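# Fold and contact review
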Amino acid sequence: MRNVAIVGIGYTPVFVSKRRDVCIPEMISEAVENAFRNSGLTPADIDAVVFGNMQTFEGVNLPHLWSADYIASLGKPVMRIATGGTTGMSAFHAGYYHIASGLHDVVMVVTYEKQSEGDSQVGLLGIITPEIMAMLAAGIDVTGQKGMGAIGGGSAGGISYQATSYLHHSGAGIEHIDAIAAMERRNAAKNPYAHLKDPEATAEKIAQTPLISWPIRFGHVCPTSDGATVCILASEEKAAKLADKAAWVWAVANCASDATTGNLIEGIITDPAEQMPAQIAAKQAYERAGIQDPRREIDYVEIYNGFAHQTLMFLERIGMCEVGEAHKLLEKGELEMNGSLPVNASGGVVSTNAIGTSALNRVTECALQIMGQAGEHQVEKEVHKALAHGWGGLMQYVTITILADKPKKL
Amino acid sequence: MEETRQVQGTWDLSTFKFRIEGMGINSMLKEMKEAKLIGNRCHQCGTVYLPANFYCRKCHIAIHEPAEISDHGEVMSYTIGYADVRGNPLDEPRVSLMVKLDGSDTWIMGAGEGMKPEDVHIGMRVKIKWAEQRVGNLQDMESFIPE
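Residues numbered from 1 in each chain as written. Chains lettered and ligands numbered in written order. Predicted model: local features only at pLDDT ≥ 70, side-chain atom pairs only at ≥ 80, totals over all residues. Heavy atoms only, no water.

### Notes on the sheet that holds strand β1 (residues 37-41) of chain B
All names here are of chain B. If you walk across this open sheet you meet the three strands as β2-β1-β3, and the pairing is antiparallel. In the strand order of this sheet, the two ends are held by β2 (48-49) and β3 (65-69), each with one partner. Taken together, the two bridges between β1 and β2 define a ladder with antiparallel strand orientation. Across the sheet, residue Asn40 finds its bridge partner in β2, namely Tyr49. (Pairing = 2+ DSSP bridges. Helix = DSSP H or I, 4+ residues; strand = E, 2+ residues; numbered from the N terminus.)

### Points about the packing of helix α3 (residues 87-100) of chain A against helix α15 (residues 355-371) of chain A
Residue and element names in this part refer to chain A. For the pair α3 and α15, interaxial distance at closest approach is 5 Å and the crossing angle is 60 degrees. The pairing of α3 with α15 is recorded here as oblique in orientation. Contacts between α3 and α15 involve Thr87, Gly88, Met89 and Phe92 from the first element and Gly356, Ala359, Leu360, Arg362 and Val363 from the second. Here the contact of α3 with α15 is built from residues that sort into five nonpolar, three polar and one charged. (Axes fitted to C-alpha atoms, helices over the stretch in contact; angles between N-to-C directions. Parallel < 35°, antiparallel > 145°, perpendicular 65-115°, else oblique. Contact = heavy atoms within 4.5 Å. Nonpolar A, V, L, I, M, F, W, Y, C, P; charged D, E, K, R; others polar.)

### Observations regarding the confidence of the model for chain B
Residue and element names in this part refer to chain B. Averaged over all residues, the pLDDT of chain B equals 88, while 96% of them reach at least 70. Within chain B, the element-level pLDDT minimum falls on helix α1 (residues 19-32), averaging 80, and the maximum on strand β7 (residues 125-130), averaging 97. Both scores are available for the predicted complex, with the pTM at 0.94 and the ipTM at 0.90. (pLDDT = per-residue confidence, 0-100.)

### Regarding α3(A)
Residues and elements named next belong to chain A. An ideal rise of 1.5 Å per residue puts 20 Å on 14 residues; α3 measures up with 20 Å between its terminal C-alpha atoms. Counting buried positions along α3 gives 13 out of 14 residues, so the element sits mostly inside the fold. One or two steps after α3, the chain reaches Gly102, where phi turns positive at roughly 95 degrees. (Expected span 1.5 Å × (residues − 1). Buried < 20%, exposed > 50% of the residue type's maximum accessible area, 1.4 Å probe, protein only.)

### As for unusual backbone geometry
The omega torsion of the bond from A:Trp214 to A:Pro215 falls at 0 degrees, within 30 degrees of zero and hence cis. Note that A:Pro215 resides in the loop between β5 (211-213) and β6 (216-217). Following B:Leu50, the chain continues to B:Pro51 via a peptide bond in cis, the omega torsion being -5 degrees. By the element assignment, B:Pro51 lies in the loop between β2 and β3. Backbone geometry at A:Thr56 places phi at a positive 70 degrees, although glycine is not the residue there. Locating A:Thr56 in the fold gives a position in the loop between β2 (48-52) and α2 (63-66).

Have a look at this one:
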């Protein structure tokens, strides 16, 4: 296996609810252009392209081929990856495999979502499990009022069970979900590529937003965003020639479980907050990166948090703290940009969610922190190693990437 | 310009066919008509599924052993709904429960009845309230009520 480095990052100039001025490939080309400008590379440097976005969200079946010339891929291999919310990081991992294997030297990872052009709820119906389809045919009441299988609570309904279970087992309260949401919206205000920004956000202000489905409030939920992210990867040899600064991949890991609650690995399918895949993927990533004590050795974390409680829940699941400790670190200010364990200085997914980009942005944000290029949201401590987490699939798929400021000893 | 356009349509679920219908769901519905629950057990790892599955998802082997499951169980998680599926506020908050029925390793979701939102908690014991007129569909189970 060869070392792989991140040598270029490009975002669309903004992540917003509706980009009315551009179509999908035009929007993507803005991020491609920025990645070339920021890295000084040109299309001639790129050997292959990996492309990622959600299946069915815009109703476009082959966006990577529609965009072929806009992503500078003419005459080159293009592969599309779709794994749900994790898509961006899975595409990044595919780019890593391209280079680590020795097959290619420089690979461009292109991700986007333009949610304003589709209906995400309809898109989600397209990835529903056969069991649920069969039960729908057998009379589930989709309004959630009665009968077996009645879920209730609209789109936030499913995740609310996870949040309730997390609160129960950690000892945290809804006020901690309010507080982490407020922290991330404040962080987002310092990130020019964030969507929902509020420099004045407080837990009290979030607590005034209406409850959708206990314990999830409107203020805890991610937006739907339009935007694109590009990340250029290179082999160690090429990185030395092409880049002044780079962030190095030390480990990638992934894990799936069953499609409903994500913990069938353990056999008891009854705790949606257990997230066994996160525990397994993190353990594998630490082993691959040679990390013994993640809390001490990892300086910065980006968590995929479509819903605000997930920042705290996943910090515990990936072993960055003990079960029941994350909300206490939050209370002490340790998760803030000037804390000892800064998390989601970008504002996280809860502030910006162009889904195809969301798990890749966790990686690119870690890379920017390592390279000292995060600008106004650069954290106070020096970042030598950082962990990016992705969560998606049907609530049960987890991706982990560990980056560092120097190449790994092979 | 119209911001969002809605297109009404129907989705005929009968055009989809699943093995789980024959193996698990239809046999479960037949028993539900008698106010009973039948799932199945993996002979290798012992995991009990409701509705019955035609293979064990953990062991990935075919499984056939029926398992009778109680209509009493324990709340594993819950949510209180304040808005309907279209986002409109509800007149009364609605209790929804995730319940592990005794004798099964899987969960069933359903509405909670006869309980105040503030009283619902993880670990709470509940039982199924069966419909008086049962027709062999999932609404033969009306809701969960306190044990």
